[in-house]
Number of protein chains: 2
Amino acid sequence: MAGTTDTLLVVGSIAFDDIDLPSGEYRNVVGGSATYASLAASPFMRGGAVRMVGVVGSDFPRDTLVELERRGIGVTGIEHAAERTFRWHGRYSTDLASRTTIDTQLNVFASFSPKISALERNCTFVFLGNIHPELQVEVVEQVPRRKFIAADTMNFWIEREPSSLARMLRCVDLLIVNDEEARALSGIDNLVRAAADIRRRGPKTLVIKRGEFGALLFDEAGTFFAPGYPLEEVLDPTGAGDSFAGGLMGYLTSRGEATPWVVRKAMFFASSLGSFCVEGVGPARLLAIGHSEIAARIAAFARLVDYGGELHFSHS
Amino acid sequence: MAGTTDTLLVVGSIAFDDIDLPSGEYRNVVGGSATYASLAASPFMRGGAVRMVGVVGSDFPRDTLVELERRGIGVTGIEHAAERTFRWHGRYSTDLASRTTIDTQLNVFASFSPKISALERNCTFVFLGNIHPELQVEVVEQVPRRKFIAADTMNFWIEREPSSLARMLRCVDLLIVNDEEARALSGIDNLVRAAADIRRRGPKTLVIKRGEFGALLFDEAGTFFAPGYPLEEVLDPTGAGDSFAGGLMGYLTSRGEATPWVVRKAMFFASSLGSFCVEGVGPARLLAIGHSEIAARIAAFARLVDYGGELHFSHS
């Protein structure tokens, strides 16, 4: 989609994942929140309009960076460190509904502090993947032309860094979390009331992801719901949440605005990219996806929610 | 809603429920699938156009039947037996997400065989609540002017009466089950493939309920999704599934047809009535609900899914 001069900065982890799935054990799969979010955002943008910031180790293959570039992702902002790349090992349950972390090796990610260089400083839309909330705040301060900032977080920061997280919430426009995180952050079990509480802490717009079931949006215009796409086969949920966020931010950046109507449409692009992600192991499907496939899935989404327009109750 | 001469027959259980909720323990609450479904259907119909068939014992209060009549439900088809009314005792988990049955006393329900008298024989729409599939088939055969038949079932019959269930599936237009039942019935974990399997066994239309998350519809026109209504407070899930079915069938009967577009709209009325049900203990909220409240919730549903019309992906 052309037409705007807006660009999207994506900051987050870049990783090697070992993924134990019911279908098999996969090793050294390229992953990380920045990778998934950038790949999911890229179909909406002209080349170089998604700019990725993160850190890789000396073991990270140049070919992978070339592959990301081929998808139109600007990779010159990625830092190269001497140690090994961040590694994660996780195992999924047989129904893919839950996972346990077997091992995490932070490596280069342990001392990561995002350095925003000239090209990235000019970005107007920002997605802050799940990193330390202090670092998320530092990124925001380094992007003077920012128009719309979105962030993810996780229970680890909610429990251990509440004051940093509170500062982060005050400087973002949109928070994207899952239902469990929304409950932990607010201390409220009911999601409608949890959402109201979180929005009072900063983000005017809140998205609560519910995995395969879809996602809720809470903003100044009210509450909105976009379903998950009913898939015939799910291979690997890894990266689905980041792909959702990337699809959402990619669409918003391509439109150059984040009004309630645009954000509502963006929810379907988010859900579409999340649905593609889980159809392959790691980012395989996102790397292969074509524009016509995206157009077809968006059309299928439109049919999935089309009830023919009018809905009202009248009794006589 | 006036305009059609169609009438709805609702067949199922009528019960006294003991309900242990996080908010308290409630005793002798009137319940049963026929009660919830009839109450949920009644707002769409003129007086007497919903006709309830079931059995009550000598302990069932006349006042309750009067209350049902006051909601426009025809109760003359309800059989009165000498024993005690069917009783169920269940306990919910603190988050209301699961429940265990503490006690079931079939009483009059043990020998229940629905007798369809003259008024009920003329009904054109039928909802078969969760009773023995043999009895469900017998009801269908007693309603010669039938236009559209919907049925519910449960894991108990799926496991123990597969051949009766197979016959039942061949004589209904719509099956309404939850996701767990759809998986048990088809033996397929993935819901999209489970739905295709179930539809091959008889019902051209299938609704899979997913509790608070919403419900999926599979029919000749494709796949459709209607969300659950995001409530600030949920008191008691008892009867929500039957209220969903009742709301759906009430709307269809009021329209006098069940085309794919009408069924899609009906999904929102179903979800609305299900959402009202859980706001009160037992059928309390359904008994109190006014037309303006239903109209307001339907309008809120329309906003919940309104993304402004156009949704397409174009890339340049």
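What comes next is a walk through the structure. Just so it is clear, the structure is predicted and the values come from calculations on it, not from any experiment.

Rules of the game
- Residues numbered from 1 in each chain as written.
- Chains lettered and ligands numbered in written order.
- Predicted model: local features only at pLDDT ≥ 70, side-chain atom pairs only at ≥ 80, totals over all residues.
- Heavy atoms only, no water.
- Salt bridge = Lys/Arg side-chain N within 4 Å of Asp/Glu carboxyl O.
- Buried < 20%, exposed > 50% of the residue type's maximum accessible area, 1.4 Å probe, protein only.
- Pairing = 2+ DSSP bridges.
- Helix = DSSP H or I, 4+ residues; strand = E, 2+ residues; numbered from the N terminus.
- Axes fitted to C-alpha atoms, helices over the stretch in contact; angles between N-to-C directions.
- Expected span 1.5 Å × (residues − 1).
- Polar contact = N/O pair within 3.5 Å; in protein donor to acceptor, adjacent residues only side chain to side chain.
- Contact = heavy atoms within 4.5 Å.
- Buried area = accessible area lost by both parts, 1.4 Å probe.

1. Observations concerning the pattern of salt bridges
Then step 1. Counting across every chain of the model gives 34 salt bridges over all chains.
Then step 2. Residue R285(A) is joined to E293(A) by a salt bridge in which the shortest nitrogen-to-oxygen separation is 3.0 Å.
Then step 3. Among the salt bridges present, the one from R183(B) reaches D189(B), with a minimum N-O distance of 3.7 Å.
Then step 4. In this structure R183(B) comes out as partly exposed when scored by relative accessible area, which is 26%.
Then step 5. On the basis of relative accessibility, which here comes to 52%, the residue D189(B) falls in the exposed class.
Then step 6. Three or more residues joined by partner-sharing salt bridges are found here, namely D20(A), E25(A), R27(A) and R91(A).

2. Observations concerning the sheet that holds strand β9 (residues 99-105) of chain B
Residue and element names in this part refer to chain B.
Then step 1. Pairing is mixed across the open sheet formed by 4 strands, whose spatial order is β3-β2-β8-β9. Each edge of the open sheet carries a strand with a single partner, namely β3 (24-31) and β9. With direction set aside, neighbouring strand axes in the sheet form an average angle of 15°.
Then step 2. Note that strand β2 (residues 15-21) and strand β8 (residues 86-92) share 6 bridges and pair parallel. Bridge pairing in β8 links D20 to R91.

3. Quick notes on helix α9 (residues 240-255) of chain A
Residue and element names in this part refer to chain A.
Then step 1. Along its 16 residues, α9 runs 23 Å from first to last C-alpha, staying within 8% of the 22 Å computed at 1.5 Å per residue.
Then step 2. α9 sits mainly inside the fold: 14 of its 16 residues count as buried.
Then step 3. Once α9 ends, the next one or two residues include G256, with phi positive near 75°.

4. Digging into the environment of Q136(B)
All names here are of chain B.
Then step 1. Counting through the fold element by element, Q136 comes out in helix α4 (residues 133-141).
Then step 2. Look at Q136 and you get buried, because its relative accessible area is 0%.
Then step 3. For the pair Q136 and S164, spaced 28 residues apart in sequence, the C-alpha separation works out to 9.4 Å.

5. A look at the side chain of S254(B)
Then step 1. Considering the arrangement of structural elements, one finds S254(B) in helix α9 (residues 240-255).
Then step 2. A distance of 2.7 Å separates a polar atom in the side chain of S254(B) from the backbone oxygen of Y251(B).

6. Some details on the interface of chain B and chain A
Then step 1. Between chain B and chain A, the residue contacts involve 46 residues of the former and 46 residues of the latter.
Then step 2. Between chain B and chain A, the buried area comes to about 4,200 Å², and carbon and sulfur atoms account for 63% of it.
Then step 3. Counting the surface chain B buries against chain A, the share from its top three residues, Y307(B), L311(B) and F313(B), is 19%.
Then step 4. Counting across the chain B and chain A interface gives 2 salt bridges.
Then step 5. Where E212(B) meets R210(A), a salt bridge forms, and the shortest distance between an N and an O atom there is 3.4 Å.

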